Amino acid sequence: MAGHGTDRHPHGADRLCEAGDRVYSRAVRRGRVPRTDAEAVPCLVELALLHPDPDDMTWLVPTSPQEVMTRLLRGVYEEVSASQARVGEAVAAFEWYAGLGGRVQAPTEGMAIRVLDGLPRIRAAMDEATEACTTEVLTVQPGGIRREDELSEGLHRALEMRRRGVRMRDLYTHVARHGQGLHNYMELMGEAAEARTLDEVVERLILFDRKVAFIPANADRTIALELRHPALVDYLVTVFERLWRLALPLAAPLPETGIEGITHRERSIAALLAEGHQDAVVAERLGISVRTCRAHIARLSETLGAASRTQLGVRIAQAGLDGPPRSPDLLPFSSPGPGPESPTAL
């Protein structure tokens, strides 16, 4: 059985293969099985009958038979007009799952955190949450200029929610303002969506109706967490609302820095440099490339008259760029350039 691939399991949850039957039954009896046990039956993961244990991803835990039965019934009702023959097969499958129902406890609070392993599972869960959403979606979208494929991937969900009257609020970095794709997207959404921007935002977050949230669980975002625990969701809503109050509307101009020759982005870079971050970290947090970040740092050094990185740090502090903007009459530099001292005086 170890050599079987997905082509050897062309079935649905209502008619498991023999190997899938054995592994799923074992998982239901024991509460979980090692991930290696499911390597020969990838159908169980693909059909979401098994999913990673949030506490130890080397193990797989079963979806309860009750939940499987509910899912199957929903699918059958959608297909019944096209295939009456499927009903009899599904009924037999429900009886089989019902026979297993007493072997595990019903889902508890632990099911409020579900691991979604793989992009297909993530997209399916997102589609399900989109379909159930009735009032509001809140999102945080980190990174810089949004790629066209990223915007297009979720466009069908957004348009469907707009049709139902769902309101959307989106947070981006200031850099995202420079992408025409985002402006086209917002124009298409009309009054159904509102966007604001910040220098930097938290990791990706999507909240539906303040009841379910999705966050990435690894660096390349191929694993996600679906959160339904009220306390966790409320916490994430609070984070979003506080960031929203600090953010600027997409149509509003960025504020002036108060120092001639220094842009808003360069002020943001200066503040992160003052915290001791390396160029790559600064670039990632602001959603720009390392090359662009270093070009801004070079211009910042020239404007402040700094001949070295060490001197740049001192100049940033002297100019008040290491924290919130100061009153103009408190700034040591009233004009571009290093002031009365020579660049090598420090």
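Since the model is a prediction, treat every value here as computed from it, not as a measurement.

Asker: Account for the pairing of strand E10 (residues 223-227), naming residues and giving values.
Answerer: Extensive coverage of E10 is indicated by the burial of five of its five residues. Both faces of E10 are covered, namely the face carrying Ile223, Leu225 and Leu227 and the face carrying Ala224 and Glu226. By the bridge criterion, five bridges tie strand E4 (residues 113-117) to E10 in an arrangement that is antiparallel. When the bridges of E10 are listed, Leu116 appears paired with Ala224. Summarising the sheet, strand E9 (residues 212-216) and E10 pair through four bridges and their orientation is antiparallel. Paired with Ala213 across the two strands is Leu227, which belongs to E10. Taken together, E9 and the strand that follows it, E10, pair antiparallel across an intervening segment of six residues, in which Arg221 is found at a positive phi of about 60 degrees.

Asker: Pulling in residues and values, what's your account of the packing of helix H7 (residues 155-163) against helix H8 (residues 180-189)?
Answerer: Here H7 crosses H8 at 25 degrees, and the two axes come no closer than 10 Å. When the interaxial angle is binned, H7 and H8 end up roughly parallel. Handedness of the crossing formed by H7 with H8: right-handed. Of H8, the residues touching H7 (which contributes Leu155, Ala158, Leu159 and Arg162) are Tyr185, Leu188 and Met189. Of the residues that constitute the contact of H7 with H8, the class distribution is six nonpolar, no polar and one charged.

Asker: Explain the sheet that holds strand E6 (residues 167-173) to me, using residue names and the numbers behind them.
Answerer: Read from one edge to the other, the open sheet built from eight strands follows the order E4-E10-E9-E8-E5-E6-E7-E11, with strand pairing classed as mixed. Of all strands in the sheet, those with a lone pairing partner are E4 and strand E11 (248-249), marking the two edges. Along the sheet face, helix H9 (residues 230-246) touches E4, strand E5 (136-141), E6, strand E7 (193-198), strand E8 (205-208), E9, E10 and E11 and points at about 65 degrees away from the line of E6.

Asker: Describe the pairing of E9, with residues and values.
Answerer: With three bridges joining them, E8 and E9 adopt antiparallel strand pairing. By the bridge assignment, Leu207 is partnered in E9 with Ala213. Hairpin connection of E8 to E9: three residues between the antiparallel strands, including Asp209 at a positive phi of 50 degrees.

Asker: An account of the nonpolar core is requested, with residue identities and associated values reported.
Answerer: Among the nonpolar cores identified, the biggest contains 26 residues, and Val137, Met168, Phe208 and Phe214 are the most heavily contacted of them. Elements represented by at least two residues in this core include exactly helix H5 (119-132), H7, E6, H8, E7, E8 and E9. If near-sequence neighbours (up to four positions away) are discounted, Met168 is found in contact with Val137, Ala158, Met161, Arg162, Met189, Ala192, Ala193 and Glu194. By size, the runner-up hydrophobic cluster in this structure holds 20 residues, among which are Ile262, Ala283, Leu304 and Ile316.

Asker: Give a detailed account of the environment of Cys133, specifying residues and quantitative values.
Answerer: Looking at the element boundaries, Cys133 is found in the loop between H5 and E5. Accessibility expressed as a relative area gives 1% for Cys133, which makes it buried. When the C-alpha positions of Cys133 and Lys211 are compared, they lie 9.3 Å apart, and in sequence the two are 78 residues distant. In contact with Cys133, not counting residues within four places along its chain, are Met161, Arg164, Val166, Phe208 and Asp209.

Asker: Account for the sheet that holds strand E3 (residues 56-62), with residues named and values stated.
Answerer: Spatial strand order, E1-E3-E2: three strands in an open sheet with antiparallel pairing. Among the strands making up the open sheet, the edge pair consists of strand E1 (33-34) and strand E2 (50-53). Both E2 and E3 contribute to a ladder of four bridges, which runs antiparallel. Within E3, the position partnered with Leu50 by the bridge is Pro62.

Rules and cut-offs
- Residues numbered from 1 in each chain as written.
- Predicted model: local features only at pLDDT ≥ 70, side-chain atom pairs only at ≥ 80, totals over all residues.
- Heavy atoms only, no water.
- Buried < 20%, exposed > 50% of the residue type's maximum accessible area, 1.4 Å probe, protein only.
- Helix = DSSP H or I, 4+ residues; strand = E, 2+ residues; numbered from the N terminus.
- Pairing = 2+ DSSP bridges.
- Axes fitted to C-alpha atoms, helices over the stretch in contact; angles between N-to-C directions.
- Parallel < 35°, antiparallel > 145°, perpendicular 65-115°, else oblique.
- Left-handed = near helix turned anticlockwise from the far one by under 90°.
- Contact = heavy atoms within 4.5 Å.
- Nonpolar A, V, L, I, M, F, W, Y, C, P; charged D, E, K, R; others polar.
- Core = buried A, V, L, I, M, F, W, Y, C linked by side-chain atoms within 4.5 Å.

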